[in-house]
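Now for the letters of each chain:
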Amino acid sequence: MCGIIGYTGGKEAEGIIVDGLEILEYRGYDSAGIAVSQKDGSVQIRKCVGRVRDLRSLCRKGEIQGTCGIGHTRWATHGGVCDANAHPHRFGKVTVVHNGIIENYRGLAKKYNLQDRLRSQTDSEVAAAVLAHFYNGDPFAAIRKTVLKLKGTFAFGILFEDISEAIFAVRNVSPIVIGQVQEGSMLASDVTALGQYTKEYFVLPEFHVAVLKKEGVELYDMSGEPAEPEWMTVSWDVDKSSKGGYPFYMEKEIMEQPQVIAETVQPRICGGMPDFGVDGIPDNLFEDCKRICVVACGTAMHAGLVGKALMQSLVRIHMDVELASEFMYTDAIVDEETLVIAISQSGETIDTLEAVKYAKKNSAKTLAIVNVRGASVARASDYVIYTNAGPEIAVASTKAYTTQLAVLYLLTGRMAYVRGSFGETEAKSFASQLLLAPEAMQQVLDRKEEIHYIARSILNAKDVFMMGRGLDYSILLEGSLKLKEISYIHSEAYASGELKHGTIALITEDTPVVAVVTQSKLQSKEFSNIKEVQSRGAGVILFMKETFELDKEAAWESVFQLPAMEDSFMVMPASAALQLLAYYVSLDKGLDVDKPRNLAKVVTVE
Ligand code: AGP
């Protein structure tokens, strides 16, 4: 978490850094700060609790000039949310911004007698102090010695007080990308913050030192030998990072889904067949494995659950979905016959990354489904399939989730074909259904005001239950997470048949229930389970496949009929409907939809 940025070049740094922080704010928004190096090498710092807009006003009040600087937007880990703990941190001649966690900071503080000399409670200031301890005019030596002492994850942007107009950067695990811009160079936690200045960038290799100057970027390995950056090109338009006229990114990103799903699916259908030729994935990856294990967190893990339901029933292969954060701590059993699929929008979620490393250590084959090009999870895996969702800025994931689903459908279709569960005709028909998903979702999005109206009935609820079976249950887990994270309403998704094993005790007339019924073989059981909660007074909001027969006698709170697709694909229109439901509840509560409290978009701490 936390966003860092740096700029050095021919222009005033403050505006560029603060604008960049605004783009990176989704990574954390507890406090923000900036340090600008002056011509004489001295460094001016402004920092405050609150959003980047608060930092902007602070900078306006006390002008801060200079053409080289670093900035930070914080998601607090060590040390509460206060001005002193905001970055940048200065110690002696060293000023740093840091993303990551220095696990041994207490030991270091003791070892270097820092306790009484620190002004914050952060691990980051300790790192600045250790750098300052080793700095005697040679920045490389100081960085090398410091890095050897640190345990944990870090991405540092560093200013040394007597080296004007240069930024030093080094990282372990936490990301830094670097680009050369007109008359200068920049670093950032991710490419979206560089997008308006350059399309060419490279990922700073771990344990390498980059020196950013007005004239360009130099890269060295830890022994001081020059290294060659691996340049990449940003694959999305800068315009795609704007709100495009919507009040919140989340709404824009929900509305973009038909387009980005088509962009994810179409290149992977060749001659009517699901095909991963464009990703360079050989069929023997799918043929040779005996089981599949998905590792992912949050929404991405929920996508894995849909994948599991599809794969098990259509490919007939054993598939587990593991919380990446638990994976290695439960001594997960994977071997050379396991295909481990890591799903991650950002590709930087540390638990997912560590799970991939664990899987590789245990000889499993690894395949990443990632949105951000060149991200750590993608680079750590044997193969990668990129979702073409474009930048997802809202903390609540929407289009990344449904493009992950689209890839999982394609994988199901291809695997079923190469392993013999589908003949060519079935594989083609499966692919052609998937191509219809964008249109079905569009039909839901076109009726967003109906869902807005429905959302009013849960606006003041304290608890909301969600119920469904099979695939419907899988997507409700995600629908419930969406509602929790952006509306702060407690919500739980339950497999309908499980409710009466305890949880039904919580159902009263004050507990709205959201039910999804889209699976033909389960509908009669579903409707019986719904009756059970209606009998306890719950008002039920029903999302139902339009071709199913509705019990008109029952007292529905509301009913939304979902455009019909084959049952396996109903996940797509139903997901769009649940996203809109959560969005409108949050919007009508007047909350900051894109930046819910306590959260950050990229979770780079364990
Ligand atoms: C979902 O809305 C969340 N913001 C969160 O659960 C997210 O999906 C999770 O942190 C995983 O992120 P990743 O896809 O970038 O790995």
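Higher on the page you've got the structure.
Scoring rules and cut-offs
- Residues numbered from 1 in each chain as written.
- Predicted model: local features only at pLDDT ≥ 70, side-chain atom pairs only at ≥ 80, totals over all residues.
- Heavy atoms only, no water.
- Core = buried A, V, L, I, M, F, W, Y, C linked by side-chain atoms within 4.5 Å.
- Buried < 20%, exposed > 50% of the residue type's maximum accessible area, 1.4 Å probe, protein only.
- Helix = DSSP H or I, 4+ residues; strand = E, 2+ residues; numbered from the N terminus.
- Contact = heavy atoms within 4.5 Å.
- Phe/Tyr/Trp six-rings, centres within 6.5 Å; stacked < 30°, edge-to-face > 60°.
- Pairing = 2+ DSSP bridges.
- Axes fitted to C-alpha atoms, helices over the stretch in contact; angles between N-to-C directions.
- Near = heavy atom within 4 Å.
- Polar contact = N/O pair within 3.5 Å; in protein donor to acceptor, adjacent residues only side chain to side chain.
- Areas by Shrake-Rupley, 256 points an atom, 1.4 Å probe, with all protein chains shown as cover.
- 1 Å grid on protein atoms, 1.4 Å probe; cavity = no way out; pocket = protein on both sides within 12 Å on 5 of 7 lines; lining within 4 Å.
- Sits in = over half its atoms within 2 Å of the grid points.
- Points joined across faces, edges and corners; volume = space filled by probe spheres on them.
- Nonpolar A, V, L, I, M, F, W, Y, C, P; charged D, E, K, R; others polar.
- Salt bridge = Lys/Arg side-chain N within 4 Å of Asp/Glu carboxyl O.

Asks: Could you give an account of the nonpolar core, with specific residues and numbers?
Replies: In terms of nonpolar packing, the biggest core is built from 97 residues, with F286, L411 and F543 touching the most fellow members. Looking at which element gives the most residues to this core, the answer is helix α18 (residues 571–588), with 12 residues. Setting aside residues up to four positions removed in sequence, F543 forms contacts with V514, A515, V516, V517, F560, L562, A577, L578 and L581. Of all hydrophobic cores here, the second largest spans 32 residues; its members include Y112, F134, I158 and V211.

Asks: How would you sum up the packing of aromatic side chains? Please name residues and give values.
Replies: Tallying each qualifying case throughout the model produces 18 aromatic pairs. On the basis of an interplanar angle of 80° and a centroid distance of 5.1 Å, the ring pair of F140 and Y220 is categorised as edge-to-face. Residue F140 is found in helix α5 (residues 139–149), and its partner Y220 is found in strand β13 (residues 216–221); the two are separated by 80 residues along the sequence. Summarising the aromatic geometry, the rings of F154 and F207 are spaced 6.0 Å apart at their centres and angled 85° between planes, so their arrangement reads as edge-to-face. With a gap of 53 residues between them, F154 in strand β7 (residues 152–160) and F207 in the loop between β11 (200–203) and β12 (208–213) connect regions that are remote in the sequence. Overall, the relative accessible area of 0% leaves F154 in the buried class. Overall, F207 belongs to the partly exposed group, its relative accessible area being 32%.

Asks: Quick rundown of the sheet that holds strand β6 (residues 94–102)? Include the residues and the values.
Replies: Each strand in a sheet pairs with its neighbour through backbone hydrogen bonds, running either in the same direction (parallel) or in the opposite one (antiparallel). What the 6 strands build is an open sheet, ordered β5-β6-β7-β8-β12-β13; its pairing is antiparallel. With one partner strand each, in any of the chains shown, β5 (89–91) and β13 form the two edges of the open sheet. Going across the sheet, the axis of each strand differs from the next one's by a mean of 25°, ignoring polarity. In terms of strand pairing, β7 meets strand β8 (residues 167–172) through 5 bridges, oriented antiparallel.

Asks: Just give me the short version of the site of the ligand, but keep the residues and values in it.
Replies: The environment of the ligand is made up of 15 residues, and the closest members are S344, Q345, S346, T349 and E485. T349 places a side-chain nitrogen or oxygen 2.4 Å from an oxygen atom of the ligand. The separation between an oxygen atom of the ligand and a polar side-chain atom of K482 is 2.9 Å. Starting from 410 Å² of accessible surface for the ligand in isolation, the protein chains cover 90%. According to the grid-proximity analysis, the pocket containing the ligand is the largest pocket.

Asks: Can you lay out empty space enclosed by the protein for me, pointing to particular residues and giving the numbers?
Replies: Using the criterion set out here, one finds 5 cavities of 30 Å³ or more in the structure. Size it by volume and the largest cavity reaches roughly 210 Å³. In terms of lining residues, the largest cavity is bounded by 24 residues, among which Y26, D190, V191, S346 and V372 are the most central. Looking at the lining of the largest cavity, its residues break down into 12 nonpolar, 5 polar and 7 charged. The calculated volume of the second largest cavity comes to roughly 90 Å³. Lining the second largest cavity are 14 residues; nearest its centre among them are C2, W75, T77, G100 and D123. Listing elements by their share of the lining of the second largest cavity, those giving two or more residues are β6 and α4 (123–134). It is β6 that provides the largest number of residues to the lining of the second largest cavity, a total of 3 residues.

Asks: For the environment of E263, give the residues involved together with the corresponding values.
Replies: The topology assignment puts E263 in helix α7 (residues 257–265). For the pair E263 and T403, spaced 140 residues apart in the sequence, the C-alpha separation amounts to 9.1 Å. Polar side-chain contacts of E263 include one of 2.9 Å to the side chain of Q259.

Asks: How would you explain the sheet that holds strand β20 (residues 365–370) if you had to name every residue and give the values?
Replies: The parallel open sheet is built from 5 strands, whose spatial order is β18-β17-β19-β20-β21. Strands with a single pairing partner mark the edges of an open sheet, and in this sheet they are β18 (318–323) and β21 (383–386). The sheet shows a mean angle of 20° between the axes of neighbouring strands, direction not considered. Here 6 bridges tie strand β17 (residues 291–296) to β18, and the two strands are oriented parallel to one another. Residue pairing in the sheet places I292 in a bridge with M319 of β18.

Asks: Give a detailed account of α5, specifying residues and quantitative values.
Replies: Residues three or four positions apart in an α-helix share a direction because the helix packs 3.6 residues into each turn. Burial in α5 covers these residues: P139, A141, A142, I143, T146 and V147. Residues of α5 that are buried make contact with α4, β7, β8 and β12. The N-cap of α5, judged by a side-chain oxygen 3.0 Å from the amide nitrogen of F140 a few residues on, is D138.

Asks: Give a description of the pattern of salt bridges that names residues and reports values.
Replies: The full count for this structure, using the stated rule, is 26 salt bridges. Among the salt bridges present, the one from K214 reaches E183, with a minimum N-O distance of 4.0 Å. Pair noted here: K214 is in the loop between β12 and β13 and E183 is in the loop between β9 (177–181) and β10 (184–188), with a separation of 31 residues, a long-range link. Classification of E183 by relative accessible area gives partly exposed; the value is 47%.

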